[in-house]
Amino acid sequence: MTTANLTRYALAAAARGWHVFPLAPNGKTPPRGFTAWQNRTTTEPATIHRIWQHRYNLAIATGPSGLVVIDLDRPKLGEQPPPEWNRPGINDGADVFAALCEQAGQPLPLETFQVRTRRGGLHLYFTAPEGATLTNTRGSLGWLIDTRANGGYVVGPGSRVTDENGSGTYAVLHPITPAPLPAWLVERLRPAPLPPQKPVTVPLAADRRGSYIRAAVLGELSRVTSSPPHGHNNALYLAAVALGQLVAGGELNAAAVTSWLTEAATQIGQPYGEAQRTIASGLRAGARRPRTVAA
């Protein structure tokens, strides 16, 4: 796919009001310099023309775009269904989704914007519901079904991905306006109520130096727990960077910092795996600028 073609796909997405940002060439993750991608999305044509002068893939940020995307995947080589889905007629995520619709007595919601993924799976784009904040899920609907909403993104059409799982291009199959996410799926994807927030225990020395470090830690944890819904992941990353500087300077233990930040992220509903990746990324960035505290 040429840069001109990817520019057209990015402009077409932006014309629909979808927020875009670049992914690494032939990849599914942001390029170097776009780690905090949540703050770098755009719908501006001039910015899009500038970014896609380079051979970047395209990502669509689902949260700010008002989208929920259901990803119906295909099994990787040798992957077998779990016992609850190991039955005739179930071969991939599309089969599982069809079975879920049948069980719910609902029609398959296929009259919506569709993209074929590089391995023959399917992305179904829906408009996000008003009054409900949906987040990303992995397998909660069923085998080989993921969803992307607030805090997530999907590889956009026109992108070509090459990795150990195969090569292929994401292609638009049904270029209509996304339909509203069906109400029964909204209810199934609605996050469980968050647990009551409680202070994260930070056992550090009570001397002047320890008190300073403890205040710094509590300030970063507060940054995470008080962040707005669309800013959770970014706040977690910034907190990990700041505390990662103290880890690199020998003031804090990396395992303890990871534990504290994970507990704070859990309280605001961040998925465990996503939080762990964000924390690890922030700690690595912070390690490049060690910080110490005067005795």
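Each remark here, short or long, concerns the structure printed above.
Residues numbered from 1 in each chain as written. Predicted model: local features only at pLDDT ≥ 70, side-chain atom pairs only at ≥ 80, totals over all residues. Heavy atoms only, no water.

(A) Spotlight on the pattern of salt bridges. By the definition in use, this model includes six salt bridges. Notably, a salt bridge pairs R138 with D146, separated by 3.5 Å at the nearest N-O pair. What makes R138 exposed here is its relative accessible area of 62%. In this structure, R223 engages E220 in a salt bridge whose closest nitrogen and oxygen atoms are separated by 2.8 Å. One end of the pair, R223, and the other, E220, are both in helix 5 (residues 208–225), three residues apart, so they sit about a helical turn from each other. (Salt bridge = Lys/Arg side-chain N within 4 Å of Asp/Glu carboxyl O. Buried < 20%, exposed > 50% of the residue type's maximum accessible area, 1.4 Å probe, protein only. Helix = DSSP H or I, 4+ residues; strand = E, 2+ residues; numbered from the N terminus.)

(B) Broad picture of the sheet that holds strand 8 (residues 153–155). Spatially, three strands are ordered 1-2-8 in an open sheet, and the strand pairing comes out antiparallel. Among the strands making up the open sheet, the edge pair consists of strand 1 (19–23) and strand 8. Across the sheet, the mean angle from the axis of one strand to that of its neighbour is 35 degrees, orientation sign disregarded. Where strand 1 lies against strand 2 (residues 57–61), five bridges are found, and the strand directions are antiparallel. Within the sheet, the bridge partner assigned to H19 lies in strand 2 and is A61. The strands that helix 1 (residues 3–15) touches are strand 1 and strand 2; relative to strand 2, the one it contacts most, it runs at about 10 degrees. (Pairing = 2+ DSSP bridges. Axes fitted to C-alpha atoms, helices over the stretch in contact; angles between N-to-C directions. Contact = heavy atoms within 4.5 Å.)

(C) Region of the structure containing the packing of helix 7 (residues 254–267) against helix 8 (residues 272–287). In contact at an axis separation of 10 Å, helix 7 and helix 8 are set at 135 degrees when each is read in the N-to-C sense. One finds that helix 7 runs oblique with respect to helix 8. Along this stretch, helix 7 crosses helix 8, giving a crossing that reads as right-handed. On helix 8, the residues that touch A254, V257, T258, L261, T262 and A265 of helix 7 are Y272, A275, Q276, I279 and L283. Here the contact of helix 7 with helix 8 is built from residues that sort into eight nonpolar, three polar and no charged. (Parallel < 35°, antiparallel > 145°, perpendicular 65-115°, else oblique. Left-handed = near helix turned anticlockwise from the far one by under 90°. Nonpolar A, V, L, I, M, F, W, Y, C, P; charged D, E, K, R; others polar.)

(D) Geometry of the pairing of strand 9 (residues 160–163). In this structure, strand 9 lies alongside strand 10 (residues 166–169), joined through four bridges in antiparallel fashion. Pairing of D163 across the sheet is with G166, part of strand 10. As consecutive antiparallel partners, strand 9 and strand 10 are separated by two residues.

(E) Molecular detail of helix 7. When the terminal C-alpha atoms of helix 7 are compared, their 20 Å separation across 14 residues agrees well with the 20 Å that a helix rising 1.5 Å per residue should span. Along helix 7, the positions that sit buried rather than exposed are V257, W260, L261, T262, A264, A265 and Q267. Each element contacted by the buried residues of helix 7 is listed here: helix 5, helix 6 (232–248) and helix 8. By the N-cap criterion, in which a side-chain oxygen at the helix start approaches the backbone nitrogen of a residue two or three places on, helix 7 is capped by N253, the distance to A255 being 2.9 Å. Where helix 7 ends, the next residue or the one after it, G269, has phi of about 85 degrees, a positive value. (Expected span 1.5 Å × (residues − 1). Polar contact = N/O pair within 3.5 Å; in protein donor to acceptor, adjacent residues only side chain to side chain.)

(F) A look at the pairing of strand 2. Among the five residues that make up strand 2, five are buried, leaving the element largely enclosed by the rest of the structure. Burial along strand 2 is two-sided: N57, A59 and A61 facing one way and L58 and I60 facing the other are all buried. Sheet topology note: the strand 2/strand 8 ladder contains three bridges and is antiparallel. In the sheet register, A59 faces strand 8, and the bridge partner there is V155.

(G) Molecular detail of the packing of aromatic side chains. Under the counting rule described, the total for this entry stands at six aromatic pairs. Aromatic pair W18 and F113: ring centres 5.1 Å apart, planes at 85 degrees, arrangement edge-to-face. With W18 in the loop between helix 1 and strand 1 and F113 in strand 4 (residues 113–116), this residue pair connects regions lying 95 residues apart in the sequence. Relative to W37, the ring of F21 has its centre 4.8 Å away and its plane inclined at 10 degrees; by these criteria the two rings are stacked. Taken together, the residues F21 in strand 1 and W37 in the loop between strand 1 and helix 2 (45–51) connect sequence positions 16 residues apart. Judged by its relative accessible area of 0%, F21 is buried. Judged by its relative accessible area of 8%, W37 is buried. Following the ring pairs from residue to residue traces out a cluster consisting of W18, F113 and Y125. (Phe/Tyr/Trp six-rings, centres within 6.5 Å; stacked < 30°, edge-to-face > 60°.)

(H) Structural view of the packing of helix 5 against helix 7. Put simply, helix 5 and helix 7 touch, their axes get as near as 9 Å, and they point 30 degrees apart. By the angle between their directions, the pair helix 5 and helix 7 is classed as roughly parallel. Of the two elements, helix 5 crosses helix 7, and the hand of that crossing is right-handed. Across the interface between the two elements, V217, L221, V224 and T225 of helix 5 pack against W260, L261, A264 and A265 of helix 7. Split by residue class, the contact of helix 5 with helix 7 holds seven nonpolar, one polar and no charged.

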